[in-house]
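Read off the chains here:
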Amino acid sequence: MLEVKGIHKVFNAGTVNEKVALKHVDLTLEEGDFVTVIGGNGAGKSTLLNCVAGVYPVDAGSIRIDGTDVTRLSEHKRAALLGRVFQDPMMGTASNMGIEENLALAYRRGQRRTLRWGISTQERELYKELLSQLHLGLEDRMSAKVGLLSGGQRQALTLLMATLKRPKVLLLDEHTAALDPKTAAKVLELSDQFIQEGHLTTLMVTHNMRDAIKHGNRLIMMYDGQIILDIRGPEKENLTVDDLLHQFEKVSGEEFANDRALLS
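Residues numbered from 1 in each chain as written. Predicted model: local features only at pLDDT ≥ 70, side-chain atom pairs only at ≥ 80, totals over all residues. Heavy atoms only, no water.

Chemist: Outline the overall build of the chain, supporting the account with residue identities and numerical values.
Modeler: The helix and strand tally for the chain stands at 10 helices and 10 strands. Here the C-alpha atoms of the chain give a radius of gyration of 19 Å, agreeing with the 18 Å that 2.2 N^0.38 yields for 264 residues. Along the first, second and third principal axes, the C-alpha set of the chain runs to 60 × 40 × 35 Å. Taken across its 264 residues, the chain has 48% of its residues classed as buried. (Helix = DSSP H or I, 4+ residues; strand = E, 2+ residues; numbered from the N terminus. Rg over C-alpha atoms; globule rule 2.2 N^0.38 Å. Buried < 20%, exposed > 50% of the residue type's maximum accessible area, 1.4 Å probe, protein only.)

Chemist: Which residues make up helix α1 (residues 45–53), and what values do they have?
Modeler: α1 sits mainly inside the fold: 8 of its 9 residues count as buried. Burial in α1 covers these residues: K45, T47, L48, L49, N50, C51, V52 and A53. Once α1 finishes, G54 follows within two positions and takes phi at roughly 90 degrees, a positive value.

Chemist: Could you give an account of the sheet that holds strand β5 (residues 68–69), with specific residues and numbers?
Modeler: Reading across the sheet, the 4 strands line up as β2-β1-β4-β5 and stay open at both edges, with antiparallel pairing between neighbours. The open sheet terminates on both sides in strands that have one partner only, identified here as β2 (19–29) and β5. Set on the sheet, α1 makes contact with β1 (2–11), β2 and β4 (60–65); between it and β1 the angle comes to about 115 degrees. (Pairing = 2+ DSSP bridges. Contact = heavy atoms within 4.5 Å. Axes fitted to C-alpha atoms, helices over the stretch in contact; angles between N-to-C directions.)

Chemist: Got a sec to walk through the nonpolar core? Specific residues and values, please.
Modeler: Ranked by size, the top nonpolar core spans 31 residues in total, and within it I99, L103, L131, L134, L157, L160 and L172 carry the most contacts. If you list the elements that add at least two residues to this core, you get α3 (99–107), α4 (121–132), α5 (151–163), β7 (169–173) and α6 (181–198). In contact with L172, other than residues within four places in its own chain, are L49, V85, L159, S191, I195, T202, L203, M204 and V205. Formed by 27 residues, the second largest nonpolar core is a distinct cluster that contains A43, A53, V58 and V70. (Core = buried A, V, L, I, M, F, W, Y, C linked by side-chain atoms within 4.5 Å.)

Chemist: Tell me about the pattern of salt bridges, residues and numbers included.
Modeler: Across all of its chains, the model carries 10 salt bridges by this definition. Its salt-bridge partner being E31, residue R166 comes within 3.7 Å of it at the nearest N-O pair. Highlighted residues: R166 in the loop between α5 and β7 and E31 in the loop between β2 and β3 (34–39), separated in sequence by 135 residues. The exposure class assigned to E31 is partly exposed, which follows from its relative accessible area of 47%. Here D33 makes a salt bridge to R218, at a shortest N to O gap of 3.5 Å. Of this pair, D33 sits in the loop between β2 and β3 while R218 sits in strand β9 (residues 218–223), placing them 185 residues apart in sequence. The pair D33 / R218 is uniform in exposure class, with both members buried. Each of D33, R218, D230 and R232 takes part in salt bridges that share partners, so that together they form one network. (Salt bridge = Lys/Arg side-chain N within 4 Å of Asp/Glu carboxyl O.)

Chemist: Hey, could you go over the packing of aromatic side chains for me, with residue numbers and the actual values?
Modeler: Applying the stated criterion across every chain yields a total of 3 aromatic pairs. Between F11 and Y56, the ring centres sit 5.0 Å apart and the planes meet at 80 degrees, which makes this aromatic pair edge-to-face. Pair noted here: F11 is in strand β1 and Y56 is in the loop between α1 and β4, with a separation of 45 residues, a long-range link. Taken together, a centroid distance of 5.9 Å and an interplanar angle of 80 degrees make the contact between Y107 and Y127 edge-to-face. Within this pair, whereas Y107 is found in helix α3, its partner Y127 is found in helix α4, the two being separated by 20 residues in sequence. (Phe/Tyr/Trp six-rings, centres within 6.5 Å; stacked < 30°, edge-to-face > 60°.)

Chemist: With reference to specific residues and values, describe α5.
Modeler: In this model, α5 (13 residues) spans 18 Å end to end at C-alpha, consistent with the 18 Å of a helix rising 1.5 Å per residue. Burial runs high along α5: 12 of the 13 residues are buried. On its buried face, α5 is in contact with β6 (82–85), α3, α4, β7 and α6. (Expected span 1.5 Å × (residues − 1).)

Chemist: Could you give an account of the sheet that holds β6, with specific residues and numbers?
Modeler: Strand order in the open sheet formed by 6 strands is β6-β7-β8-β3-β9-β10, with mixed pairing between adjacent strands. The sheet terminates laterally at β6 and β10 (226–232), the two strands that pair on one side only. The average undirected angle you get between the axes of adjacent strands in this sheet is 20 degrees. When β3 meets β9, the two strands line up parallel, connected through 5 bridges. Looking at the pairing, V35 lines up with R218 of β9.

Chemist: I'd like to hear about the side chain of K236, residue by residue, with values.
Modeler: The residue K236 is located in helix α8 (residues 233–237) in this model. Buried charged residue K236 carries no salt bridge. Nearest counter-charge: E237, at 8.5 Å. A distance of 3.0 Å separates a polar atom in the side chain of K236 from the backbone oxygen of H215. Contact partners of K236, with chain neighbours within four places excluded, come to T36, A212, I213, K214, H215, G216, N217, R218, L219 and I231. (Lys, Arg positive; Asp, Glu negative; His and termini not counted. Polar contact = N/O pair within 3.5 Å; in protein donor to acceptor, adjacent residues only side chain to side chain.)

See below:
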């Protein structure tokens with residue numbers, strides 16, 4: 001479903017600020033894979049997601065989504081194949097529009113735009129039913145401006161919008177990092193639910209080792225622009241934070257020094 005072959009990305013090439021962010025990375029996700037991505041600051045996690053999303057063009061290598069080569073496609077053209085939830089709850093929704101209007105935008109993604117905009121009664125009932133799954137009472141506030149919602153409510157809505165049309169690949173970029181622990185746990189619970197029900201192929205970046213171990217069927221760890229660990233199956237099911245730290249040190253030759261990951 002997602003095939004990344006030899007992608008290489010350099011920022012500020014040829015200058016004193018040159019930074020090699022990705023070093024010929026290979027990664028394949030089969031349909032329904034839920035892969036968590038862990039690593040320290042500067043490891044290349046978010047750069048990998050941004051390259052898949054088309055935010056950054058790659059300097060070498062290729063990216064295929066559902067068999068389609070998207071390596072040279074713009075971010076806008078790839079959007080029809082992808083769902084994405086960002087770290088910032090303010091992104092991913094239109095704050096000056098109502099909840100149902102935001103859902104309508106997501107529901108009509110990829111369709112031809114016409115002068116007709118009205119939301120039908122049938123659509124409204126669908127949105128109400130979908131919102132009720134969040135257990136946040138938003139189904140009774142569908143005309144409320146999204147900008148009035150809390151960060152957790154907004155992130156839950158963004159998650160719903162991102163999964164509404166069953167994207168070929170779902171990208172979760174530290175989507176709970178800006179939330180308090182209780183709200184973050186709720187959003188992760190909803191993420192698991194939507195991914196499982198939709199059988200969605202998912203790539204989730206996180207700084208939290210416990211979350212990386214608990215969620216998904218596969219875990220990859222990045223270091224210095226490369227994937228150094230790829231853990232799945234029974235090995236992942238029995239994995240602990242201490243095991244992960246030990247494996248990281250064995251492969252990289254260094255201690256894992258990232259307070260956000262260790263203290264979460």
